[in-house]
Amino acid sequence: MAVIGVALVVCGPLGLILYQSFLSEAFFSPTAHLSVEAYRYVLADAGFHSAFGTSLLVSSGMTIISVPLGSLLAFLLARTDLPGKKWLEPWLLVPIFLSPVVLAFGYVVAVGPVGFFSLWIKALIGRVPWNLYSLFGLILIAGLTHVPHAFLYVSSALRSLDPAVEEAARVAGAGVWRIAVTVSLPLVLPSILFSASLIFLLGFELFGLPLVLGDPAGLLVLTTYLYKLTNLLGVPSYHLMAVVALSIVALTFPLVYLQRRMLRTAGRFAVIGGKGQAFRPLPLGAFRWPAVFLLVLWLLVTVVVPLVGVALRSLVSSWGEGVKLTEVLTLDHFRELWGYPNLVRGIVNTLVIGAIGGALSVAFYAIVGLAAHRWQSSWVSFLDYLVMLPRALPGLIVGLAFLWVFLFFKPIAPLRTTLFSLWIAYTVVWLAYGLRLISASLLQVKPELEEAARVTGARQSLIYRDVTLPLIRFGLMGSWLLIFMMFVREYSTGVYLLGPGTEVIGSLIVSLWGTGALDLISALSVIEVALVGLILFIALRLGVSLHA
Amino acid sequence: MPDLIAENIEKQLGTAQVLRGVSFQLQEREILALLGASGSGKTTLLRSVAGLEQPDGGKIEIRGKLVFDASSGFEIPAEQRGLGLVFQSYAIWPHRTVFENVAYGLRLRHTPEAEIKERVNKVLKRLGLDHLADRYAHQLSGGQQQRVALARAMVYNPPVLLLDEPLSNLDAKLREDARAWLREIIKQTGTSALYVTHDQTEALAIADRVLLLDRGLIQEEGAPEKIYGAPTNRFAAEFMGSNNRFEGKLAEIAGQEGRLEGEGWTLWGQMRLAKKVGEAATGFVRVERTRLSEGAGSDRLRVKLNSALYLGERWEYLFHLGDLRIRVWGEERLPEGEYWVLVPRNSLWIF
C-alpha cells in the first residue's frame, strides 16, 4: 500500500511532464498533438544554451568553494580543540534552514549597489569594492551558503573515524595540519566526494539565488530560464517548459544515481572506532584563534550580513545614499502587511502547512518508513529507487508537475486551489529527507526489542503500536520540527501553485520580487526568519539532532 | 510426548550453510544446552524454533503441534507459537516499567487485570524483583535486567523456554552465582528449556543434556558427564576442556586398546575410532588427567621441563619431548630438569 502510494505521487507527475514534452502545445489545448517540436525549439534556443552553460559554471564554482571550506570546518569542529565549538556548531547549520530567496534578498539590501554595508564602506573609502550582480558574486554566495552541506557529511564521517589513526600519526610526529591533510581527510574521502556530488547536484536546482542575484546582470540558469519561459510567450508554453524541466532532470538524475553508488561503496575506507570512546581533541596550538576567526568570518558573511540586511530593510521607510538610518526607522511595513489579505493568508497558510502539513507528512513518511522497516522483500529496493527520483527533482519542477496534475485530472481539479495541492507537492519534494529522518530513528530501535514482542505474542501491528512507535516518538517529534522548518522556508515548490488559497510566504516573496515591492518582501522575510528561528531554538533546546 | 521436536533443520544464510540437517528432541522438564563456538549455528537454530528465522528445510513440533514444515511450506508465525525467549541483550523495553514489561504477554492474552497483577507480582517475587516493579530498564543492574527478561518470558507459562546466551552479559563473578540460580528456577517452574551458550562450563553446569554443534551439524550429544568425560567424537574430545594431543601412528591393537607411537615415545589408549595398525592417529587426554609421576613405569614418558606459568589457583608446566608438547597442572614451582609424566591409558582417547 505504502509503496503504491509513493509510486503514484512520484511517477504520476513525472510521467505527465514526459507526456507534455512530446506535445505540440499545452495538454489542454484541443489542437495539441504528438510531436518533437518542443525539443527542437528548446535545444536550438541560444538562451537555453547560455543558461545551461551558466548552470554548469555555477554548480562547479560553488562545489569548488564549499567542499574544501566545509571539509576544513568539519575537521576543526569534529577533531580539534577549537575554542567555543559547542557554541559555534549549531550556527554552522543555520544556512540550511534559511530560505535562499531570503538570503539572496538579504545580500541585495546589504551588499548590493545601494545596500547598507556597501554605502557604509563607500562613505569610508569612497567606493564599493565589490559587484554583487556578477557571475562571480553569484558563485561565491552560492558556494558560501552550501558550506553546511559539505560540513554535515564530512563531520559525521570524521566523528565515526577511530581517533587512534590520528593519535598514531601524532605519535609518529605529525602536526595537526599534516594529520588533517594526510590522515583524517583522506580517510573520509568518500564522504567528501559524496558531498561534492550532492552540492554539484544542488547547483542545478538553485532557484532563489540566481533569480534575485542573476536578474539585474541578465544571468539566467536553467531554473530561472524555465521560470522566465512562463511569461515569455504570452500563452502557456507548457510543452517548452516540460522540455526544460526534463533537461534539468536529465542532468540531476545521473548525479543522484552516482551518489547512490558512492554511498554503497563508502564503507570501504571507513575506520570505525569501536565504542565511541572519549578522545583528546587534537591541539591546534597557535592556529586556535586564526581558525576561530575563519569560522566567525564565514558566519558573518553567510548568515549575519544578509540577515542584518533584511532586518534593517524591514525597519526603514527608505534607503539610499545620504539617508540617515536613525531618521528613517519605522514599523510601517509590518503594519502595511495586514492591509493585504493575500499576504495575511500567506502567513497563516505557512504556519498551517508547516505545523499541520508537516505533521501529516511525517506521518506519511513514518508509514512508508515502517513498511520498509525489517521487511525482506524486493519491493523495498523498488521503494529505494522510487525515493531517489524526487531527489533529482527541484521543488520548482515538482510544483509545476503537480499544477499540471491538478489541471489534467478533472476529478481532483477543485483541490488545486486548496492547501492540499501544496501539501502533496511539499511532501514529495521532501520525501527523501523525511524518510532519512525516519530511518535514522528506526535505526535506534534494536531488532531484539521488536522480536521480544513477537515471541511474547504480539502481531506486527501491535508491535508497531506497543514497541516501535513509542520508542521512536522522540525521533518523530524531532522529524516534525525539522520538516516544519523546511516547509516554512520552502519557496520554489509553491511558485507555480500560487493562487488564492495557496499563498505561502516563500512563493509570495518570489512573486513580489517581480514587482519590486522591497518593503513587503523584507517584512515577510523577517517573519519567515523569525518563525524558522523560533522552531530551530525549540528544536535545539529539546536536543533534536540537526545532523540528518 | 516430547515438548519440542526438531527434525532435519537446514538453513542457508547468504552463501553460508548455517544448519545442515539438525535433529533433536526436548523432553518434558528437560534443560537442553546447545553448545558451540560462534558460527556453529546454535543461535540460528534457537531462532528457528522461536519462529524468528525461517529454515529452508525440516520440521518443528511443539508439544505435538506442528509449527513449521518446510516440505509443505507450513509455518505458524512466532507470535502464535506461545514460547518464551530470553535474549542475550535482554531486550527489556525501555519505555515500560518492569511490571509492564512482564505484564505485556498476559495483556496480549487478554488476561483479566486482577489476574495479571497477581501473576506478575508472583513471578517478580520469585525472581527477587518485587521491589523493582516500578523501575525502568536503565535504573536496573545487568543482573536485574537479566531476571526481568526471564520473568517476562516465564510469566505466561510457555511450553518451552528459550534462552539465548542469557548469562554472557554478566560479570564473571555474577555469572557463577547466576548459573546455579538459573538452573534452580527453571527446575522449579517445571518447564523445559533450550539453552544456547558458547561457554562449556555453563552448558555442563546448567543442562541435563548437551548438544555440541559445529558448522551446522550435531557433533556429539549426551549428558554433561558423557560429553566431557567420554566423548565418542573427535571434535567433542578436542573442543571440550584443555587437552594434550599426541600425533602418531598406530603400532598395535589389543581389543579396545591401541598403542600409539611417535618419535621417541609410545602410549596405550582407548580406541575411539575403528582403525588399522600402521594408520596415522591422534590421541587426546585432558590436561587434568595428565599427572607428574615419581618414577618410571607403564604409561609414563620421560620429559624435560621447558617453562612453568603461575596461574593463581595452580601452576601450569610445559614439558618437551622431541616435538611433543605436554601440559600438566600442579601445585608448586618445579626446578628445571627431567621428569616422569603419567598419561593413564583409560584417559587417553585415540581417534
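For clarity, every value in this text was computed on a predicted model and none was experimentally measured. (Residues numbered from 1 in each chain as written. Chains lettered and ligands numbered in written order. Predicted model: local features only at pLDDT ≥ 70, side-chain atom pairs only at ≥ 80, totals over all residues.)

A closer look at the overall build of chain B
Part 1 of the argument: Along the backbone of chain B there are eight helices and 21 strands.
Part 2 of the argument: Buried positions account for 38% of the 351 residues belonging to chain B.
Part 3 of the argument: Within chain B, contacts between residues separated by at least 24 positions form 64% of all contacts whose residues are at least 6 apart in sequence. (Helix = DSSP H or I, 4+ residues; strand = E, 2+ residues; numbered from the N terminus. Buried ≥ 20, exposed ≤ 12 C-beta atoms within 10 Å, placed from the backbone. Contact = placed C-beta atoms within 7 Å.)

Remarks on the overall build of chain A
Part 1 of the argument: Scanning chain A from N- to C-terminus turns up 27 helices and zero strands.
Part 2 of the argument: Once the C-alpha set of chain A is aligned to its principal axes, its extents read approximately 70 × 70 × 45 Å.
Part 3 of the argument: Residue burial in chain A is summarised as follows: out of 548 residues, 47% are buried.
Part 4 of the argument: Put simply, of all contacts in chain A between residues at least 6 apart along the chain, 79% involve residues at least 24 apart.

Some details on unusual backbone geometry
All names here are of chain B.
Part 1 of the argument: Here the phi dihedral of Asn157 falls at roughly 50 degrees; this positive angle occurs in a residue that is not glycine.
Part 2 of the argument: Tracing the chain through its elements places Asn157 in the loop between helix 4 (142-154) and strand 8 (160-164).
Part 3 of the argument: Of note in this structure, Glu165 is not a glycine but carries a positive phi near 45 degrees.
Part 4 of the argument: Within the fold, Glu165 resides in the loop between strand 8 and helix 5 (172-189).

Some details on the domain arrangement of chain A
All names here are of chain A.
Part 1 of the argument: Segmenting chain A into domains produces domain 1 (1-31 + 331-548) and domain 2 (36-329).
Part 2 of the argument: Taken residue by residue, the interface counts 41 residues in domain 1 and 42 residues in domain 2.
Part 3 of the argument: Elements that contribute at least two residues to the side of domain 1 that touches domain 2 include exactly helix 1 (2-21), helix 18 (332-337), helix 20 (378-391), helix 21 (395-408), helix 25 (460-489), helix 26 (505-515) and helix 27 (518-541).
Part 4 of the argument: Among the elements that make up the side of domain 1 that touches domain 2, the one with the highest residue count is helix 27 (eleven residues).
Part 5 of the argument: Classifying every residue of the side of domain 1 that touches domain 2 gives 27 nonpolar, nine polar and five charged. (Domains from an automatic or database assignment. Nonpolar A, V, L, I, M, F, W, Y, C, P; charged D, E, K, R; others polar.)

Quick word on the pairing of strand 3 (residues 31-35) of chain B
Residues and elements named next belong to chain B.
Part 1 of the argument: For strand 3, a buried count of five out of five residues is recorded, marking the element as mostly surrounded by other parts of the structure.
Part 2 of the argument: Of the two faces of strand 3, the one carrying Ile31, Ala33 and Leu35 and the one carrying Leu32 and Leu34 are both buried.
Part 3 of the argument: Where strand 3 lies against strand 9 (residues 192-197), five bridges are found, and the strand directions are parallel. The partner of Leu32 across the bridge, within strand 9, is Leu194.
Part 4 of the argument: For strand 3 and strand 10 (residues 209-214), the ladder comprises four bridges, and the chain directions are parallel. Across the sheet, residue Leu34 finds its bridge partner in strand 10, namely Leu211. (Pairing = 2+ DSSP bridges.)

Examining the sheet that holds strand 11 (residues 217-222) of chain B
Across a sheet, paired strands are connected by hydrogen bonds in the backbone, their directions being either parallel or antiparallel.
All names here are of chain B.
Part 1 of the argument: In spatial order, the strands read 7-8-9-3-10-11; together these six strands make up an open sheet with mixed pairing. Bordering the open sheet on either side are strand 7 (84-86) and strand 11, each of which pairs with just one other strand. Recorded for the sheet is a direction-independent mean angle of 20 degrees between the axes of neighbouring strands. (Axes fitted to C-alpha atoms, helices over the stretch in contact; angles between N-to-C directions.)

Brief notes about helix 1 of chain A
Every α-helical turn comprises 3.6 residues, leaving residues that sit three or four positions apart pointing alike.
Part 1 of the argument: Taking 1.5 Å of rise per residue, the 20 residues of helix 1 of chain A would be expected to cover 28 Å, and the 29 Å separating its terminal C-alpha atoms lies within 8% of that figure.
Part 2 of the argument: The sharpest bend along helix 1 of chain A comes to roughly 25 degrees, located at Cys11 of chain A, with the proline Pro13 of chain A sitting one to four residues further on. (Expected span 1.5 Å × (residues − 1). Bend = angle between axes of the 7 residues up to and from the residue.)

Some points on the nonpolar core
Part 1 of the argument: Membership of the largest hydrophobic core comes to 158 residues, with the highest contact counts inside it found for Val244, Ala245 and Ala401 of chain A.
Part 2 of the argument: Structurally, this core is a two-domain feature, drawing no fewer than three residues from each of domain 1 (1-31 + 331-548) and domain 2 (36-329) of chain A.
Part 3 of the argument: Once residues lying within four places of it in the same chain are set aside, the contact partners of Val244 of chain A are Val42, Leu222, Tyr225, Leu226 and Leu229 of chain A.
Part 4 of the argument: Counting 100 residues, the second largest nonpolar core, distinct from the first, contains Ile31, Met154, Val210 and Trp349 of chain B. (Core = buried A, V, L, I, M, F, W, Y, C linked by C-beta atoms within 7 Å.)

Details of the sheet that holds strand 12 (residues 243-254) of chain B
All names here are of chain B.
Part 1 of the argument: Here we have five strands rolled up into a closed barrel, ordered 12-13-14-21-15, and mixed in their pairing.
Part 2 of the argument: In terms of strand pairing, strand 12 meets strand 15 (residues 280-286) through seven bridges, oriented antiparallel. In the sheet register, Asn243 faces strand 15, and the bridge partner there is Arg286.

Structural notes on the interface of chain A and chain B
Where interface size is given, it is often the accessible area lost as the parts come together that is meant.
Part 1 of the argument: Listed as interface residues are 14 residues of chain A and, on the opposing side, 16 residues of chain B.
Part 2 of the argument: Of all the secondary structure elements, the ones that give two or more residues to the side of chain A that touches chain B are helix 24 (447-456) and helix 25 of chain A.
Part 3 of the argument: Examining the composition of the side of chain A that touches chain B, we find that seven residues originate from one element, helix 24 of chain A, more than from any other.

Some thoughts on the packing of helix 24 of chain A against helix 25 of chain A
All names here are of chain A.
Part 1 of the argument: Two numbers describe how helix 24 lies on helix 25: the axes approach to 10 Å, and their chain directions differ by 160 degrees. In this view, helix 24 runs roughly antiparallel relative to helix 25, as classed from their interaxial angle. At the point where helix 24 passes helix 25, the crossing takes the right-handed sense. When helix 24 is examined against helix 25, the residues Leu449, Glu450, Ala453 and Arg454 are found in contact with a partner set consisting of Ile463, Asp466, Val467, Thr468 and Leu471. (Parallel < 35°, antiparallel > 145°, perpendicular 65-115°, else oblique. Left-handed = near helix turned anticlockwise from the far one by under 90°.)

Structural notes on the confidence of the model for chain B
Part 1 of the argument: This prediction gives chain B a mean pLDDT of 93; 100% of its residues lie at or above 70.
Part 2 of the argument: Across the whole predicted complex the pTM is 0.85, and at the interface the ipTM reaches 0.85. (pLDDT = per-residue confidence, 0-100.)

Re the domain arrangement of chain B
Part 1 of the argument: For chain B, the assigned domains are domain 1 (4-230) and domain 2 (242-350).
Part 2 of the argument: Placing the centre of domain 1 of chain B and that of domain 2 of chain B at their C-alpha centroids yields a distance of 40 Å.

Let's talk about the confidence of the model for chain A
Part 1 of the argument: Model confidence for chain A is summarised by a mean pLDDT of 87, while 95% of its residues fall at 70 or above.
Part 2 of the argument: Contacts for the low-pLDDT stretch residues 270-276 of chain A, under 50 throughout, to residues beyond four places or in other chains number eleven contacts.

With respect to helix 19 (residues 341-372) of chain A
Part 1 of the argument: Between its terminal C-alpha atoms helix 19 of chain A stretches 44 Å, which fits the 46 Å expected from 32 residues at 1.5 Å a residue.
Part 2 of the argument: Along helix 19 of chain A, the largest kink reaches about 35 degrees and is centred on Gly357 of chain A.

Considering the pairing of strand 1 (residues 4-13) of chain B
Residue and element names in this part refer to chain B.
Part 1 of the argument: As paired elements, strand 1 and strand 2 (residues 16-26) share eight bridges and run antiparallel to each other. Bridge pairing in strand 2 links Leu13 to Ala16.
Part 2 of the argument: Where strand 1 folds back onto strand 2 in an antiparallel hairpin, the turn is made up of two residues, including Gly14, whose phi is positive at roughly 65 degrees.
Part 3 of the argument: Relative to strand 4 (residues 57-62), strand 1 runs antiparallel, the two being bridged by five bridges. If you follow Glu10 over to strand 4, its bridge partner there is Gly57.

Things to note about the environment of Ala401 of chain A
Residues and elements named next belong to chain A.
Part 1 of the argument: Relative to the helices and strands, Ala401 resides in helix 21.
Part 2 of the argument: The buried category is assigned to Ala401, around which 24 C-beta atoms lie within 10 Å.
Part 3 of the argument: Ala401 sits 159 residues away from Ala242 along the chain, and the two C-alpha atoms are 8.8 Å apart.
Part 4 of the argument: When neighbours within four sequence positions are excluded, Ala401 is seen to be in contact with Pro13, Leu14, Leu16 and Ile17.

Section: the environment of Asp323 of chain B
Residue and element names in this part refer to chain B.
Part 1 of the argument: Here Asp323 shows up in the loop between strand 18 (315-321) and strand 19 (324-330).
Part 2 of the argument: Exposure remark for Asp323: the 10 C-beta atoms within 10 Å place this residue in the exposed category.
Part 3 of the argument: Remark: the alpha-carbon pair of Asp323 and Gly262, spanning 61 residues in sequence, is separated by 9.5 Å.

Notes on the environment of Ala70 of chain B
Residue and element names in this part refer to chain B.
Part 1 of the argument: Within the secondary structure layout, Ala70 lies in the loop between strand 5 (65-69) and strand 6 (74-75).
Part 2 of the argument: Taking C-alpha positions, Ala70 is 5.0 Å from Gly57, a pair spaced 13 residues apart along the chain.
Part 3 of the argument: Discounting residues that sit within four places of it in the chain, Ala70 has contacts with Pro55, Asp56, Gly57 and Gly58.

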